Amino acid sequence: MSVALQFKLTQTGQVAVWNANNTGTSLNLTHIQFGSGNRVVSGTETALLSPQQAVAIAAGFSVSSSQIRMSAIFSGNQNYVIREVGLWAGDPAVAGSKLVGYWSQASGDLAMKSPGVDFIFSHDMVLDAAVPAGSLTILADNAQSAMLAMITAHEAKADPHPQYTTGAEVNALIEARVGDYVTSINVGNAYTVALDPVVTAYTAKTAFAFKASAANTGATTLNAGGGAKALVREDGTAMQAGDIPSGAVVTVVFDIATDAFRSTEIVASQIAAAIQAQTYTAFATSGVAPTFTLTPSPAITAYAAGQRFRVKFGAAGNGADTLNVSGLGAKSLKQYDATGAKAAPVIATNQLVDVEYDGAEFVLLDPLPSATGSTPAQFDNSTKLASTAFVQRALGNIQGLIVISSTPYNMNVAQLGSAVYFAGGSSVFNLPNMAGLPVGSMVYLSANVATTVNGYAGQPIDNRSNGGAASIVMAPQDDLFLAWTGGTWLAVGGSFVLRAGSGISGALFGSSKSTQGYQRLPSGLLLQWGTGVTAADGSIVVIFPIAFPNACVGIQGTHSGTGPAGMIEVFGTRTTTGVTVKTFNHLAQVSSGWLVSWFAIGY
């Protein structure tokens, strides 16, 4: 990557140039300075952000009226990154010197100054058209110029360092020895090789390859001219039988610390041990249901059909589980059922299982569940597979009891099928998120106190009269069975349904216990009562508190005053919403203001 090195004339430099021009002189550039700071150049700079090294200009001249060329040598043992360059009129270390030109950038490096290496900087600076011709010149350091000339002449020679082997010669020597090895002589598990040149003592740099003339049968030694030393595996442990096959080329290096030759490659017994221990395939999951993660070492870089892992699950699953390996994305976990179809897996805490990727999902490879099984003990609430006999026997039994004395309480899906009892204080109960869970999941609620039951967002509660609401209120002593329909909770039983659910024109046990009241019965009968005051002709127009759904079958009344009296229904006036009656005394007389209590029955 190239970097555009274009100096900007600073405001300080502009003033100095114009001052020199107005006096008929020129401004001399004398020093170049390197620094390690990064910033966007504005022209207002008066010094480098992170100055490192300043040297006198070794050589320079005007190429044209608008272009000057300069060179400098940065020597010494300094070690720094070059990210900014300044052109100075005067030594930056001396007061009164001025930063005339400056270059840097917001980020990135220009070069590196290494210790003990001379860095030659040479650059052409194009002057702004506003700079008067001849007003900016270069004042070179004679000593620096001579050094630069010597370095230039030295580097121009065809072979400036004849005492050193050239890079081409080194490469040729390396190429000539690549893959070179000697053949061993074996006496049992003792290997001997003759190196050229001959080695009489081993150092940490003693490394070579040899071709085994025979396979080893156990712990092995190697003599390369400096005496027999143990030949061990790369981890420092003894060779096992077959680790060095006959004809194999083995690369070794001498380990000073253990006084032994070490193989530089993993050998057969190590591979076998890794396979037996499933070193590269057996791992434990992180996370909890339904999102499990697996971090194998080394990490896989992509999913491929046939990848298999021995997995220890750190938590139980919930049937809708996924596995994310090496952060490559979550894949569904499945298990084959007795018919060979993929089904939701059964995962218990600390379960060990083989899991294989089939190109779409991870499949648990444990033996397929049997179509039949043993029947667990009565009231067993473990995670064992249940037989149909156990299910049939357990129908009606509740899996657990949850007593709530403080609210709000958030139910979780693992508690479905439980009885929930609201013990004290005003209660708020929040149902769990049922998305993706089986239709028919149930919960039984029993309230000792007034309780607000809230469905999860977008999962209303249908009490069979409200058509579905975000919440319902249970009265003290109410109980209620709720069943999940896949989109809503449905009230399917309990006293709450009889009080609040739809029956014949209203709740099955709905009532009004006021003066003008009514009582519904589960059979469909409706009893209504009330009072009225006679008009001058002895009549009372009775309006029922609620309409009879089908018909009023009769009405009776009693006089609330003294003396005998009777009430009759005016023929043809009876409807489902009311009736007209008349009241007479024992002399068949009528009067206004008589108080009459009436009672009607219908359905």
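Everything that follows concerns the structure shown earlier in this document.
Summarised in this report is the structure supplied together with it. (Residues numbered from 1 in each chain as written. Predicted model: local features only at pLDDT ≥ 70, side-chain atom pairs only at ≥ 80, totals over all residues. Heavy atoms only, no water.)

## Looking at the sheet that holds strand S3 (residues 31-35)
Sheet strands pair by backbone hydrogen bonding; their relative direction is either parallel or antiparallel. Read across the sheet, 5 strands follow the order S1-S9-S8-S3-S4 without closing on themselves; strand pairing throughout is antiparallel. Taken across any chain shown, the strands that pair with only one partner, and hence form the sheet edges, are strand S1 (8-9) and strand S4 (51-56). Each of S1 and strand S9 (98-104) touches helix H1 (residues 11-22); the most contacted strand, S9, lies at about 140° to it. (Pairing = 2+ DSSP bridges. Helix = DSSP H or I, 4+ residues; strand = E, 2+ residues; numbered from the N terminus. Contact = heavy atoms within 4.5 Å. Axes fitted to C-alpha atoms, helices over the stretch in contact; angles between N-to-C directions.)

## Considering the sheet that holds strand S41 (residues 526-533)
Read across the open sheet, the 5 strands follow the order S39-S40-S41-S46-S43; overall the sheet is antiparallel. The sheet is open, and its two borders are formed by strand S39 (511-512) and strand S43 (552-559), each paired with just one other strand.

## Topic: H1
With 12 residues, H1 extends 17 Å from end C-alpha to end C-alpha; this agrees with the ideal 16 Å at 1.5 Å per step. Within the sequence span of H1, burial applies to Gly 13, Ala 16, Val 17 and Ala 20. All buried residues of H1 project into a common sector of 100° when viewed along the axis, lining one side. Positive backbone phi, approximately 80°, marks Gly 24, located one or two places after H1. (Expected span 1.5 Å × (residues − 1). Buried < 20%, exposed > 50% of the residue type's maximum accessible area, 1.4 Å probe, protein only. Arc of directions from axis to C-beta.)

## Focus on the environment of Leu 526
By the secondary structure assignment, Leu 526 is in strand S41. When the C-alpha positions of Leu 526 and Phe 548 are compared, they lie 7.2 Å apart, and in sequence the two are 22 residues distant. For Leu 526, the contacting residues outside a window of four places in its chain are Tyr 518, Gln 519, Arg 520, Ile 546, Ala 547, Phe 548, Pro 549, Ala 600, Ile 601, Gly 602 and Tyr 603.

## Regarding the pairing of strand S23 (residues 308-312)
By the alternation rule, side chains of S23 split into Phe 309 and Val 311, which are all buried, and Arg 308, Arg 310 and Lys 312, of which none is buried. Looking at chain direction, strand S21 (residues 282-284) and S23 are connected through 3 bridges and run parallel. Considered in S23, the bridge of Ala 284 is made with Lys 312. Judged from the 5 bridges that link them, S23 and strand S27 (residues 352-357) form a sheet pairing that is antiparallel. Among the inter-strand pairings, Lys 312 is bridged to a residue of S27, identified as Leu 352.

## Comments concerning the pairing of strand S24 (residues 322-325)
The alternating pattern of S24 places Thr 322 and Asn 324 and Leu 323 and Val 325 on opposite faces, both of which are buried. The pairing of strand S22 (residues 291-294) with S24 spans 4 bridges and is parallel. For Thr 291, the partnering residue across the bridge sits in S24 and is Thr 322. Bridging between S24 and strand S25 (residues 330-336) involves 3 bridges; their strand directions are antiparallel. Along S25, the bridge assignment pairs Asn 324 with Ala 330. From the end of S24 to the start of S25, which pair antiparallel, there are 4 residues, and Ser 326 there has a positive phi angle of about 55°.

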